[in-house]
Structures are given as structure tokens and as C-alpha cells.
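Tertiary structure, described
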Amino acid sequence: SKNVKVINGPTDAIDYFSFLKSKPKEEVWVLLLNTKNHVISSQMVSIGTINGATSEPREIFQPAIHRLAASIIVAHCHPSGDCAPSPEDERVTMRLVQSGRLLAVPVLDHIIIGKYGSCSLKEERPDLFIGGM
């Protein structure tokens, strides 16, 4: 729920984005954090059809750069209910992590919210978040 004010890990991020559970279409959101991981703001960056929304790095990072966020967390919902990350979700995550490294705005996590459960790519696929450019 959006009254989470500090993000100390995946559980907090999943709680924050719990409102996405009921969305009929895929929505992609970005959560902006300051240096102490306090929430600056969040906004929807794209809305998709039943089976997907595209999220380009420029759409994701525009609000972060505008608000001078120290780091971001990306989230999207799977209206199908299953939170398992698709190969596309993993590819997008890798690209966002690389972009964040270049812009010095780290992507701390990518959260997928499903009707029947949610997952953190940082927990499921930590390898996507490490390694050089």
C-alpha cells in the first residue's frame, strides 16, 4: 500500500505495490527513492494490453532524473495472476540495470505483482543485478 514510506527490502516494495493486484491490464510503475531509501514518489510509466506493457529505459528513468532520485524500484503487474518472470521481464530488467549504472541511478529491484502472489527479481534472479557493463 502506498503508505509505506521507507523501503528496506523486497517485502516493503511488494507491500507498496500491492494495489497493482487488482489491475485489469499490465501497468509499469517506477518508485523513486532518496539516499536513505525513503519514498520520494511513484508513478505509472506505461499501461499495456492484457498481455504486456513495454517499458523503455527512457520512460522509466525520466521521472527519476527529473526528481533527482538516488535509486529506483520498477514494478509491474501480471493480470494473469502468475508472478513468474518471463524471459522478456528478465531482459528488460537487465537493460534497466545497465541503464541505471550508466546514469548512476541504481535499479534496486524489479517487482512483479500477480493476483496470487508477487515476486522480486532481485531475490529470484540476483545475477541480473550484478556484473559490469
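In case you missed it, the structure is sitting above this.
Notes on the structure in this doc start here. (Residues numbered from 1 in each chain as written. Predicted model: local features only at pLDDT ≥ 70, side-chain atom pairs only at ≥ 80, totals over all residues. Heavy atoms only, no water.)

Observations regarding the packing of aromatic side chains
Scanning all chains against the criterion turns up three aromatic pairs. Each ring, one from Y16 and one from F17, has its centre 5.0 Å from the other, and the planes form 75°; the classification is edge-to-face. Residue class for Y16 comes out buried when judged on its relative accessible area of 3%. Since its relative accessible area comes to 0%, F17 is described here as buried. A ring pair is formed by F19 and W29, whose centres lie 5.0 Å apart and whose planes are at 80°; its orientation type is edge-to-face. One end of the pair, F19, is in the loop between helix 1 (10–16) and strand 1 (27–33); the other, W29, is in strand 1, with ten residues separating them in the sequence. (Phe/Tyr/Trp six-rings, centres within 6.5 Å; stacked < 30°, edge-to-face > 60°. Buried < 20%, exposed > 50% of the residue type's maximum accessible area, 1.4 Å probe, protein only. Helix = DSSP H or I, 4+ residues; strand = E, 2+ residues; numbered from the N terminus.)

Description of helix 2 (residues 57–66)
Residues of helix 2 that are buried include every one of P57, I60, F61, P63 and A64, and no others. When helix 2 is viewed along its axis, its buried side chains cluster within an angular range of 155° and face the same direction. With respect to the buried face of helix 2, the exposed residues turned more than 90 degrees away are R58 and H66. Packed against the buried residues of helix 2 are strand 1, strand 2 (39–47), strand 3 (71–78), helix 3 (87–103) and strand 4 (107–114). (Arc of directions from axis to C-beta. Contact = heavy atoms within 4.5 Å.)

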